[in-house]
Amino acid sequence: MTTWLQDPTPEAPCTVIAEIAQAHDGSLGTAHAMIDAAALAGADAVKFQTHIAAAESSPDEPWRVRFSPQDETRFDYWRRMEFSDDHWFGLKTHAEEKGLLFLSSPFSMEAFDLLKRLEVAGWKVASGEITNVQMLDAMCATGKPLLLSTGMSPLPEIDRTVQRIKAAGASLAVLQCSSTYPTAAADVGLNVLNEFKSRYDTAVGLSDHTATIYPGVCAAYLGAQVVEVHLTLSKHAFGPDVAASLTVEDLTRLVEGIRFAEDMRRHAVDKSRIAEKAGELRPIFMKSLVASRDLAAGETLSPATLACRKPGTGIAAARFDEFVGRRLARPLKKHVPLAPEDVE
């Protein structure tokens, strides 16, 4: 299936991205295993993060959350997350062999140059890089689509970045994102999708950190053309993003839910046509007017002597008021459907 990332048009299906980020914890083998897991779950793309410590950070960088007992500094952690060029080429090849698009967020120009040589399918702009105009311009110059994460930016800052990207003529999806891990339902902000769509006249998407499938399915129904979620092999795995990640089984259900939501969205329902299709079921489930007890000829029908019972093959229950007060022309047994000739 060709999704928005390959065909950035309004009609293209949503691209479901499995964000691996640093869930591999520096293990190349785990990174490859996660590609297999994403493919098994039905994702359209995998996304890593390409960190080159010396090019993006310094030994003074503070921890967001001190989680790694083997790394003295965050700089040490980024260095441990590095893969060689050959390793990155191997990961991309593996992803493509599995039918997945390959993405990775660069966090330095050196990382951008590496990923450009890899010919990634598009560019995911991390929330912290939204003001990195040098990198944005370089991304736009490649002609590949940009996915803009907005987790830490107010609208004026997003406005400036979107204007710059659109002026360069690049395809763009603006992603609603809340940079809390995990994100509470109250902070997901699906209402922002329509705001972005009308404000920027671009594709929109959701970068979700709730560790549930619900926002992604809802976003797809609302027209999101990109949904990105973090992936973990287990909720017992190590790493800072596990609490905000989906398991392989969760991701499988998310993909199924997104495709179901898209199918619903594509097919507007004509209620009259649906009711007509259900016509053969009406006699089974609807009800007819019947006698509530044995009635004699000449009795006046009342709410106490009329009842409604299945099947709906006789006088419709909807005509109840019409027959109250009518006199019986002949006897009628209990639960026998009323017929027009039974009344005067």
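Residues numbered from 1 in each chain as written. Predicted model: local features only at pLDDT ≥ 70, side-chain atom pairs only at ≥ 80, totals over all residues. Heavy atoms only, no water.

Comments concerning the packing of aromatic side chains
Keep this limit in mind: A pair of aromatic rings is counted whenever rings of Phe, Tyr or Trp (Trp by its six-membered ring) have centres within 6.5 Å, and the orientation is called stacked for planes under 30 degrees apart, edge-to-face for over 60 and tilted otherwise. Buried residues are those whose accessible area, probed at 1.4 Å on protein chains only, stays under 20% of the maximum for their type, while exposed residues exceed 50% and partly exposed ones sit between those limits.
Across all of its chains, the model carries 7 aromatic pairs by this definition. A ring pair is formed by F83 and W88, whose centres lie 5.4 Å apart and whose planes are at 70°; its orientation type is edge-to-face. Note on F83: relative accessible area 10%, which makes it buried. Relative accessible area serves as the criterion here: at 1%, W88 is assigned to the buried category.

What about the environment of E280?
What counts here: Helix and strand definitions here come from DSSP, where helices need a minimum of 4 consecutive H or I residues and strands a minimum of 2 consecutive E residues; each element is numbered from the N-terminal end.
Turning to its location among the elements, E280 is positioned in the loop between α11 (271-277) and α12 (282-285). Sequence-wise, E280 and K310 are 30 residues apart; in three dimensions their C-alpha atoms are separated by 14 Å.

Some details on the side chain of E262
Under the convention used in this document: Between N or O atoms, a polar contact is any pair within 3.5 Å; within protein, one atom must be a potential hydrogen donor and the other a potential acceptor, and residues adjacent in sequence are included only when both atoms are from side chains. Any two residues having at least one pair of non-hydrogen atoms within 4.5 Å are treated as being in contact.
Counting through the fold element by element, E262 comes out in helix α10 (residues 248-266). On the basis of relative accessible area, E262 is assigned to the buried category, the value being 9%. Within the structure, E262 has its side chain in polar contact with the side chain of R259 (distance 2.8 Å). The contacts of E262, once residues within four sequence positions are left out, are P13, C14 and A220.

Points about the packing of helix α6 (residues 133-141) against helix α7 (residues 155-167)
Rule in force here: Helix axes are fitted only over the stretch in contact, all axes being lines through C-alpha atoms; the angle between N-to-C directions runs from 0 to 180 degrees. Angles below 35 degrees are treated as roughly parallel, those above 145 as roughly antiparallel, those between 65 and 115 as roughly perpendicular, and all remaining angles as oblique. Take the far helix as your reference; a near helix turned counterclockwise from it by less than a right angle gives a left-handed crossing, and one turned clockwise gives a right-handed crossing. Residue polarity follows a fixed list, in which Ala, Val, Leu, Ile, Met, Phe, Trp, Tyr, Cys and Pro are nonpolar, Asp, Glu, Lys and Arg are charged, and the others, Gly among them, are polar.
At their nearest, the axes of α6 and α7 sit 9 Å apart, and the two run at 30° to each other. Classified by the angle their axes make, α6 and α7 are roughly parallel. As for the relative orientation of α6 and α7, their crossing is right-handed in sense. For the pair formed by α6 and α7, the contact residues are V133, L136, D137 and C140 on the first element and T161, R164 and I165 on the second. Tallied by class, residues from the contact of α6 with α7 come to 4 nonpolar, 1 polar and 2 charged.

Considerations on the pattern of salt bridges
Spelled out, the test is: We define a salt bridge as a side-chain nitrogen of Lys or Arg found within 4 Å of a carboxyl oxygen belonging to Asp or Glu.
This structure, assessed with the given rule, holds 20 salt bridges. Between R259 and E262 there is a salt bridge, and its shortest N-O distance comes to 2.8 Å. Of the two residues, R259 and E262 are both situated in helix α10; the distance of 3 residues between them amounts to about one turn of the helix. Like E262, R259 is buried. Connected through salt bridges with shared partners, the residues D25, D71 and R80 form a single ionic network.

Comments concerning the environment of T313
Inspection of the secondary structure puts T313 in the loop between β11 (306-309) and α13 (320-323). Looking at T313, the relative accessible area reads 62%, which means it is exposed. Sequence separation of T313 and M286 is 27 residues, and the distance between their C-alpha atoms is 8.2 Å. Here T313 is in contact with P283 and S288, once residues within four sequence places are set aside.

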